[in-house]
Amino acid sequence: MSRHPEVKWAQRLDKVYLTVLLPDAKNAKVNLDPDGVFTFSGTAGAENHLYELKLELHDKVNVEESKINIGVRNIFCVLEKAEKNWWKKLLRGDGKAPHYIKVDWDKWADEDDDTGPGDLDLGGMDFSKFGDMGDMGDFGGMGGMGGMGGMGGLGGMGGMNFDGMGDDDSDDEGHEVSKPAEKADDKTDEAVKSSEEKAPGPSS
C-alpha cells in the first residue's frame, strides 16, 4: 500500500506555495491539471516505500506559469492561480483536510494582513515550469540529487572542537587573568615594605 507524504501549503492573492515533504525522493512524478488537480508519486526510504498524493485544489490554476523545484528534502511548487483571489482552504469540497496536509506558517500571510510578507525570495532555487516539461516522469532522474544529502557531513566540523576552544577562553578569564593581578599586588606590598625599611629615620 502506498503512503501519503506530509504536505504544507500557504498562499498569496495570486499563487499557492505547496511543499511535499519527502527527503531523498526517487522517481518523483508530479502532474498539475488546469482544473486544479495536483498528483504526486515517488519512492523514499531505505525500503523504497511508495508515496502517492492526489489533491483536488480549491480552484483552477495556470499550469503554464506554475513552477516546481525538486530538492533533496522536499518538492516545492509555486502554483499560479487562474484567478486572483484568496482561497478559504487548499482543497475543494466541504470536508476536513486530511491529517497530512498542514499550514506552512513560515510562508503564511493573511488576506487582511497588509504588512505580511510579500512574494518569497526564491532566487536561490532552480525552478522548472510545469508547462515546459510535458511528461513529468522526466523528474525521475533528479531523484539522484538525493546524494547531495551527503553535504550534511559538514556538520562534522563540530569535530574541530569549537566547544573546547570556548573552555580555554573561560579558563583565561576565570583563573589565569586574575593571577598576574594578584602577583602585582604582592609586588606592590613588598615594594612598600622595603621602602619603609630602607627609609632613613628622622634626624635628631
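Cut-off values and rules
- Position numbers for residues start from 1 in each chain and track the written sequence from start to end.
- Whole-chain, interface and lining totals are the exception, using all residues; otherwise, since this is a predicted model, local features are given only for residues with pLDDT of at least 70 and side-chain atom pairs are given and counted only at 80 or more.
- Excluding hydrogens and water, the side-chain values take into account all heavy atoms of the structure.
- UniProt positions are given in the numbering used here, feature names are shortened, and annotations may be inferred rather than shown by experiment.
- Helix and strand labels come from DSSP, where a helix needs a run of H or I of at least four residues and a strand needs a run of E of at least two; each type is numbered from the N terminus.
- Using a 1.4 Å probe on the protein chains alone, a residue whose accessible area is under 20% of its type maximum counts as buried, one over 50% counts as exposed, and one in between counts as partly exposed.
- Contacts are assigned to residue pairs with any non-hydrogen atoms lying within 4.5 Å of each other.
- Residue-level accessible areas treat just the shown protein chains as cover; the underlying method is Shrake-Rupley with a 1.4 Å probe.
- At least two bridges found by DSSP between two strands is the condition for calling them paired.
- Axis geometry follows a simple rule: fit a line to the C-alpha atoms, using only the stretch in contact for helices, then measure angles between N-to-C directions, giving values from 0 to 180 degrees.
- As used in this record, nonpolar core signifies buried Ala, Val, Leu, Ile, Met, Phe, Trp, Tyr and Cys residues forming a set joined through side-chain atoms within 4.5 Å.

Per an unreviewed UniProt entry, the recorded name for the protein is Co-chaperone protein p23, and the organism is Coffea arabica. What the UniProt record of the protein gives under Function (unreviewed entry) is the line "Acts as a co-chaperone for HSP90." According to UniProt, the comment filed for the protein under the heading Sequence similarities (unreviewed entry) is "Belongs to the p23/wos2 family."

(A) Local environment of the overall build of the protein. Each helix and strand counted, the protein has three helices and nine strands in total. Shown N-terminal to C-terminal, the secondary structure of the protein runs as helices and strands in the order β-β-β-β-β-β-β-β-β-α-α-α. Burial analysis of the protein (204 residues in total) assigns 29% to the buried set. When contacts within the protein are restricted to residue pairs at least 6 apart in sequence, long-range pairs at least 24 apart make up 65% of them. When the accessible surface of the protein is totalled, it reaches about 13300 Å², and 49% of it is carbon and sulfur.

(B) Expanded view of the environment of Ile-68. Here Ile-68 is to be found in strand S6 (residues 61–70). Considering only alpha carbons, one finds Ile-68 and Phe-127, 59 residues apart in sequence, at a separation of 5.3 Å.

(C) Summary view of the sheet that holds strand S5 (residues 49–56). Overall, antiparallel pairing links the three strands, which are arranged S3-S4-S5 in an open sheet. Of all strands in the sheet, those bounded by a partner on one side alone are strand S3 (26–32) and S5. This sheet shows a mean twist of 5° between the axes of neighbouring strands, independent of strand direction.

(D) How the structure looks around the nonpolar core. Membership of the largest hydrophobic core comes to 30 residues, with the highest contact counts inside it found for Phe-38, Phe-40 and Leu-57. For this core, the secondary structure elements donating two or more residues are strand S1 (6–11), strand S2 (15–21), S3, strand S4 (37–44), S5, S6 and strand S7 (74–81). No other element matches S6, which puts four residues into this core. Other than its neighbours up to four places away in sequence, Phe-38 contacts Leu-18, Val-20, Val-30, Asn-31, Leu-32, Leu-53, Lys-54, Leu-55, Leu-57, Cys-77 and Phe-130. Of all hydrophobic cores here, the second largest spans five residues; its members include Ala-10, Phe-76, Val-78 and Phe-127.

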